[in-house]
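# Per-entry structural report
For reference, the chains in residue letters:
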Amino acid sequence: MAEDKSKRDSIGMNMKGCQTNNGFVHNEDILEQTPDTGSSADNLQHSTTSILGSQEPDFKGVQPYAGMPKEVLFQFSGQARYRIPREILFWLAVASVLVLIAATVAIIVLSPKCLDWWQEGPMYQIYPRSFKDSNKDGNGDLKGIQDKLDYITALNVKTVWITSFYKSSLKDFRYGVEDFRQVDSIFGTMEDFENLVAAIHDKGLKLIIDFIPNHTSDKHTWFQLSRTRTGKYTDYYIWHDCTHENGTTVPPNNWLSVYGNSSWHFDEVRNQCYFHQFMKEQPDLNFRNPDVQEEIKEILRFWLTKGVDGFSFDAVKFLLEAKHLRDEIQVNKTQIPDTVTQYSELYHDFTTTQVGMHDIVRSFRQTMDQYSTEPGRYRFMGTEAYAETIDRTVMYYGLPFIQEADFPFNNYLTMLDTVSGNSVYEVITSWMENMPEGKWPNWMIGGPDSSRLTSRLGNEYVNVMNMLLFTLPGTPITYYGEEIGMGNIVAINLNESYDTNTLLSKSPMQWDNSSNAGFSEASHTWLPTNSDYHTVNVDVQKTQSRSALKLYQDLSLLHANELLLNRGWFCHLRNDSHYVVYTRELDGIDRIFIVVLNFGESTLLNLQNMISGLPATVRIRLSTNSANKGSEVDTSGIFLDKGEGLILEHNTKNLLHRQTAFRDRCFVSNRACYSSVLNILYTSC
């Protein structure tokens, strides 16, 4: 009996030890309940199997409760009312992820390439010696540029372009470089440059600088070593035997300098002639020497490391010369050869744009690409190839799969000494028709190597030319002072032989009507200021609602905010000796800008004869005469004064570039369409 009792006690303990834990319960009496004696056999059987672990617990009839173990949870999870919603939510989540991935891929595939920083807004070109003097020595400097960054930002400019500031002997105004890695002391120090770069970037702007790879100063270390035939520098320049007797040099051929007379100069140290496309103090580098090419790339890396965002490569068409040294052909074959001394009197087939020159430019591009991998740090490359035909200039864009310049600088508007609707139209269409598909255009109306706009064409054309600049597709480029209508200074005497026309366009920036136009507090400036600075200056025009500066700011702001201008189609409507009319439009936007620019005498224009379905009146979005801004104009008879321009806004779904009649007169660089529903651009129009 003792043995039987022991067994019963053991079974009783097993039964208590196997009670189900119902978790946290509110009624503690539940814990005190005694198991139903009528089901003791079942309990005994359950307890025994639990100890043996040969059977899963039976939770039949148990209701869900907080804190239930996974064994109980699994009993309910398999029920349809719990399983089906869970599966629905799971597959909805999977479908949502797939839709998001597909939408992301579709947006990436269909979206046009975003405009890069050099496409988004105007570039502002500064001749540093004439912009702002910070140390009262009469010369503009880098600190002076930094002091005026707020003004540049107020112009809605995106890129600051600074011309040459390298250490130089001042021949040809800083283009005879003595050391490519030093800032000339006139402009400041390398620390000043680094501070300027940081300040420009802090303002959200970018910086590009001039780079002159074709030649150096004759005081450059490389040239001094080349004169003495020292090591690898022996062939860094183009040397050739020549006859030199009694102070007279007989050059190897008839090649001429850009500034006239022979491009060969005898060097008494080396007892040979060296070649110079420009002044004799600017010997040409020998780009057929791989060491020279590598030296130039190292200089590019030096400035890119300093934070420069891009370069304007000057005089690239002169990088290579023919190796055979044949005489170039005379323009006038009857002219006596010994009297041919001017550059324009020869065809320069052997000294410009030689085979292999574009390969060198591409190698510069590849060097810059090594520094363009970071997001937002693309390095811009522009090329200057002035005095070329347009078809030759656009070759610097590169080939479809081999990039060169982001764009060659388009200075053809600066070559217009007289202006008409026909001449402006010819420049526009010549560039757009010759530019490779998908490339980006640019436009400028002034520069350091040309006469200023007001001096070429007249004060009445300042506003209309700036309106042209900001309403054409592409990047507008402004030479400092063009935004206020600065003109050339009067001719002055210098001790050096320079191109007087280009010198006169480099006068000090006119900031206010104080002494030296606010440019400098020095008693003497390197060039005199223009005599009109009392009325043509920044401070005066800031307060005038109808000033050239105010219109420039309105135009640059409109260009920045309107997809029609920065991404849209350009469609030419009509031109004659007086006016040019064109539209800017974009698929998905049910309105267009009609740009009307008058370059001739006063004229009456009927737009309804040019655009079918045009309403009787349209709104003036912007005008060179600010009094007209926001008003409406009769489209059957628009009267335009000389030099007047209008940007008209017209709501329509009938875009011109879709019409067969205008198809050959419409251009677009990067095609895009706008979705007003999603507020995005896409390419599948």
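All values reported here derive from a predicted model rather than from experimental measurement. (Residues numbered from 1 in each chain as written. Predicted model: local features only at pLDDT ≥ 70, side-chain atom pairs only at ≥ 80, totals over all residues. Heavy atoms only, no water.)

A count of helices and strands for the chain gives 20 helices and 28 strands. Across the 685 residues that make up the chain, the buried fraction comes to 53%. Considering only intrachain contacts with a sequence separation of at least 6, the fraction spanning at least 24 residues in the chain is 68%. A total accessible area of about 32400 Å² is found for the chain, and carbon and sulfur atoms account for 50% of it. (Helix = DSSP H or I, 4+ residues; strand = E, 2+ residues; numbered from the N terminus. Buried < 20%, exposed > 50% of the residue type's maximum accessible area, 1.4 Å probe, protein only. Contact = heavy atoms within 4.5 Å. Areas by Shrake-Rupley, 256 points an atom, 1.4 Å probe, with all protein chains shown as cover.)

Looking now at the packing of helix α11 (residues 290-305) against helix α12 (residues 357-369). Packed helices, taken two at a time, are described by the angle their axes make and the gap between the axes. Contact pair α11 / α12: the axes reach a minimum separation of 10 Å and the direction vectors enclose 35 degrees. For the pair α11 and α12, the sense of crossing is right-handed. Between α11 and α12, the contacting residues are Q293, I296, K297, L300, R301 and L304 on the first element and I360, S363, F364, T367 and M368 on the second. (Axes fitted to C-alpha atoms, helices over the stretch in contact; angles between N-to-C directions. Left-handed = near helix turned anticlockwise from the far one by under 90°.)

All right, on to the packing of aromatic side chains then. With the rule as written, the count across this model stands at 46 aromatic pairs. Residues F313 and F364 carry aromatic rings whose centres are separated by 5.2 Å and whose planes lie at 10 degrees to one another, so their mutual orientation is stacked. Here F313, found in strand β11 (residues 310-313), pairs with F364, found in helix α12; they are 51 residues apart in sequence, far enough to count as distant. There is no split in this pair, since F313 and F364 are both buried. Positioned above the aromatic ring of W511 is the side chain of K148, whose terminal nitrogen or guanidinium carbon lies 4.2 Å from the ring centre. Note that R452 overlies the ring of Y480, its terminal NZ or CZ placed 4.7 Å from the centroid. (Phe/Tyr/Trp six-rings, centres within 6.5 Å; stacked < 30°, edge-to-face > 60°. Lys NZ or Arg CZ within 6 Å of the ring centre and 35° of its normal.)

Further remarks concern the sheet that holds strand β9 (residues 264-267). Here we have three strands laid out as an open sheet, ordered β6-β10-β9, and antiparallel in their pairing. The open sheet is flanked by β6 (239-240) and β9, the only strands paired with a single partner. Here β9 pairs with strand β10 (residues 272-275) via four bridges, running antiparallel. Paired with D267 across the bridge in β10 is Q272. (Pairing = 2+ DSSP bridges.)

Spatially, eight strands are ordered β15-β12-β11-β5-β2-β1-β17-β16 in an open sheet, and the strand pairing comes out parallel. In the strand order of this sheet, the two ends are held by β15 (407-408) and β16 (442-444), each with one partner. Bridging between strand β5 (residues 206-211) and β11 involves four bridges; their strand directions are parallel. Its bridge partner lying in β11, I209 is registered against F311.

Okay, helix α16 (residues 462-471) next. Taking burial as the measure, the ten residues of α16 include ten buried ones, the bulk of the element. Regarding α16, the residues found buried are V462, N463, V464, M465, N466, M467, L468, L469, F470 and T471.

What follows deals with the UniProt feature "transmembrane region" (unreviewed entry) in the chain. According to UniProt, the feature "transmembrane region" (unreviewed entry) maps to residues 88-110 in the numbering used here. In this annotation, residues 88-110 is assigned 100% helix and 0% strand; the end-to-end C-alpha distance for the span is 32 Å. (UniProt positions renumbered as here; feature names shortened; annotations may be inferred.)

Across its 16 residues, α11 extends 23 Å between first and last C-alpha, which sits within 8% of the 22 Å expected from 1.5 Å per residue. Within the span of α11, buried status applies to V292, Q293, E295, I296, K297, I299, L300, R301, W303 and L304. One side-chain oxygen at the N-terminal end of α11 lies 2.9 Å from the backbone nitrogen of D291; it belongs to N289. Positive phi appears at G307, one or two residues downstream of α11, with a value of about 105 degrees. (Expected span 1.5 Å × (residues − 1). Polar contact = N/O pair within 3.5 Å; in protein donor to acceptor, adjacent residues only side chain to side chain.)

Our next topic: the side chain of D512. By secondary structure assignment, the location of D512 is in the loop between α17 (500-504) and α18 (538-542). At a separation of 2.4 Å, a polar atom in the side chain of D512 contacts the side chain of S514. A polar contact of 3.3 Å, which involves the side chain of D512, links it to the backbone nitrogen of G518. If sequence neighbours within four positions are ignored, D512 has contacts with A517, G518, Y533, N537 and D539.

It is worth spelling out the pairing of β5 at this point. With six of six residues buried, β5 lies mostly within the body of the structure. Where strand β2 (residues 159-162) meets β5, four bridges bridge the pair, whose relative direction is parallel. Paired with V160 across the two strands is L207, which belongs to β5.

Below, the discussion takes up the state of the cysteines. Across all of its chains, the model carries two disulfides by this definition. For C242, the disulfide goes to C273, at an S-S distance of 2.0 Å. Around the S-S axis, the bridge from C242 to C273 shows a dihedral of about 85 degrees and counts as right-handed. A residue pair is termed long-range when its members are at least 10 positions apart, and C242 in the loop between β6 and β7 (243-245) and C273 in strand β10 qualify at 31 residues. Relative accessible area serves as the criterion here: at 18%, C242 is assigned to the buried category. Residue classification places C273 among the buried positions, given a relative accessible area of 0%. A sulfur-sulfur separation of 2.1 Å characterises the disulfide bridge that pairs C571 with C666. The S-S bond linking C571 to C666 shows a torsion near 115 degrees; that makes this disulfide right-handed. (Disulfide = S-S within 2.5 Å.)

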